[in-house]
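As a plain string of letters, each chain reads:
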Amino acid sequence: MNFYAITNSKPLKLRKSDKIRVRYRCVVGCPFVCLISEDKKGPGFKIKTLKTEHNCEDVFENPRAKTKTLAEYFRSKVQNNPKLEAYANEIRESNPDSDVVINLSKDAMAEGKRRFLRMYICFNAMKLGFKQGLRPFIGLDGTFLKGHCKGQLLVDVAQDCQNHFYPLAWVVVDKENTLTWTWFLELLKHSLNLKDGTSITFMSDMQNGLLEAVRIVLPLSNHRFCVRHIDANWSKRIRISGEMKKYLWWSAWSTYEEDFKDQLKNLGELSVDIVKELLRYPPQNWCRSYFDTLCIKLDGGQQFYRVLQLLDLRSKRQAYPEDA
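Attention here is on the structure that accompanies the text. In this text, all values refer to a predicted model and were calculated from it rather than measured experimentally.

## Quick look at the sheet that holds strand 8 (residues 150-159)
Alright, step 1. Spatial strand order, 5-6-9-8-7-10-11: seven strands in an open sheet with mixed pairing. Each edge of the sheet is formed by a strand with only one pairing partner; in this case those strands are strand 5 (99-104) and strand 11 (222-225). Shown here is a sheet whose adjacent strand axes are inclined to one another by a mean of 20 degrees, direction ignored.
Alright, step 2. Contacting strand 5, strand 6 (116-122), strand 7 (137-146), strand 8 and strand 9 (165-173), helix 5 (residues 124-133) runs over the sheet at an angle of about 135 degrees to strand 9.

Okay, here's the thing in structure tokens:
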């Protein structure tokens, strides 16, 4: 019934619902009615009464248009008949200045066929939000697509002022390698006007082809490794105890080099091989003491307390300028 209401732009309402029946009506005065009740002749339910006539106007605010319903509705339509060019044109018309790029296979086109290769999407609203107020911090990741259409989904996300994920752009590609990551980052560079990557920090796992692509496309950017991914990859190769993980995180949080070396020494007392395995990941990419810039993540209370400290310092300097 939700699909019917969305397709026909009608605000259907559930008038009765119990264990054996449901009844849907439209707005007051509209003759539409649908009664679904238990089938006494067999298992399941069936439609007992259906009057499809409407004398009401179409609505643009439909209570049946829930997020889950819309996702299911369009997923089935796209999977069964993926008209990507029509989808891209709709994005461009409904979201002006959005970037949508579709690549077709050159080999297939040489044979006179049209076969999808990869697709890039970056909505204009996301571009404006990043440029006007977000920190220059971008996370990169990828995952497999396991539905009707196979491939891989590569994504770029930022963080908003509440430290929530802020999607920037995404691509669907046939596989993850230097070529596809380079193609993705070149388009992202154009969408967000990143130039040579100066002052931008990327964080990622060590995905296939990603490190080389970042060096090629944005050579002056900072690249950091996600410590949680290091922990996960580390644990796959060697049996890691809880105490070893503790020293890993303390090493990552070290704010000066001597502290980092002390944490590695403590870890080495447990296992020298563990330290060698950990140092396969360059500390410059995951240890705070080697960062050339410092980014501190604060919650709302910490930010408010920091503002109070700065205001208190400012008032003291105004009262006693000779001691400033």
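## Section: the nonpolar core
Alright, step 1. By size, the foremost hydrophobic cluster in this structure holds 28 residues, and its most contacted members are Tyr 120, Phe 130, Ile 138, Leu 140, Leu 188, Leu 194 and Phe 202.
Alright, step 2. If you list the elements that add at least two residues to this core, you get strand 6, strand 7, strand 8, strand 9, helix 6 (178-192) and helix 7 (210-217).
Alright, step 3. Ranked by residue count, the leading element in this core is helix 6, at seven residues.
Alright, step 4. Apart from the residues lying within four places of it in its own chain, the contact partners of Tyr 120 are Asp 99, Val 100, Val 101, Ala 169, Trp 170, Val 171, Trp 183, Phe 184, Leu 187, Leu 188 and Ser 191.
Alright, step 5. Formed by 19 residues, the second largest nonpolar core is a distinct cluster that contains Trp 234, Ile 240, Met 244 and Tyr 281.

## Notes on the side chain of Asn 285
Alright, step 1. Within the secondary structure, Asn 285 sits in the loop between helix 11 (272-278) and helix 12 (300-319).
Alright, step 2. Residue class for Asn 285 comes out buried when judged on its relative accessible area of 17%.
Alright, step 3. With residues up to four places along the chain from it excluded, the contact list for Asn 285 reads His 223, Arg 224, Phe 225 and Phe 291.

## Comments concerning the pattern of salt bridges
Alright, step 1. A complete count under the given rule lists eight salt bridges for this structure.
Alright, step 2. For the salt bridge of Asp 231 with Lys 245, the shortest nitrogen-to-oxygen distance reads 4.0 Å. Of this pair, Asp 231 sits in helix 8 (residues 227-237) while Lys 245 sits in helix 9 (residues 242-253); the two residues are 14 residues apart in sequence, bridging distant segments of the chain.
Alright, step 3. Lys 245 gets classed as partly exposed once you look at its relative accessible area, which sits at 32%.
Alright, step 4. Salt-bridge contacts for Glu 257 lead to Lys 261; the nearest nitrogen and oxygen are separated by 3.5 Å.

## Here's the deal with a positive patch on the surface
Alright, step 1. Taken together, Lys 13, Arg 15, Arg 25 and Lys 51 make up a surface patch of like positive charges.
Alright, step 2. Take Lys 51: it is sitting in strand 4 (residues 45-51).

## Focus: the pairing of strand 1 (residues 13-17)
Alright, step 1. The pairing of strand 1 with strand 2 (residues 21-25) spans four bridges and is classified as antiparallel. Across the sheet, residue Leu 14 finds its bridge partner in strand 2, namely Tyr 24.
Alright, step 2. Counting the residues that bridge the hairpin from strand 1 to strand 2 gives three residues.

## Points about the sheet that holds strand 2
Alright, step 1. The four strands lie next to each other as 1-2-3-4, forming an open sheet whose pairing is antiparallel. The open sheet has two edge strands with one neighbour each: strand 1 and strand 4. Here the strands of the sheet are splayed against their neighbours by 15 degrees on average, with no regard to which way each runs.

What counts and what doesn't
Residues numbered from 1 in each chain as written. Predicted model: local features only at pLDDT ≥ 70, side-chain atom pairs only at ≥ 80, totals over all residues. Heavy atoms only, no water. Pairing = 2+ DSSP bridges. Helix = DSSP H or I, 4+ residues; strand = E, 2+ residues; numbered from the N terminus. Axes fitted to C-alpha atoms, helices over the stretch in contact; angles between N-to-C directions. Contact = heavy atoms within 4.5 Å. Core = buried A, V, L, I, M, F, W, Y, C linked by side-chain atoms within 4.5 Å. Buried < 20%, exposed > 50% of the residue type's maximum accessible area, 1.4 Å probe, protein only. Salt bridge = Lys/Arg side-chain N within 4 Å of Asp/Glu carboxyl O. Patch = residues over 30% accessible without salt bridge, like charges linked within 9 Å, V, L, I, M, F, W, Y side chains within 5 Å. Areas by Shrake-Rupley, 256 points an atom, 1.4 Å probe, with all protein chains shown as cover. Lys, Arg positive; Asp, Glu negative; His and termini not counted. Charge placed at Lys NZ, Arg CZ, Asp CG, Glu CD.

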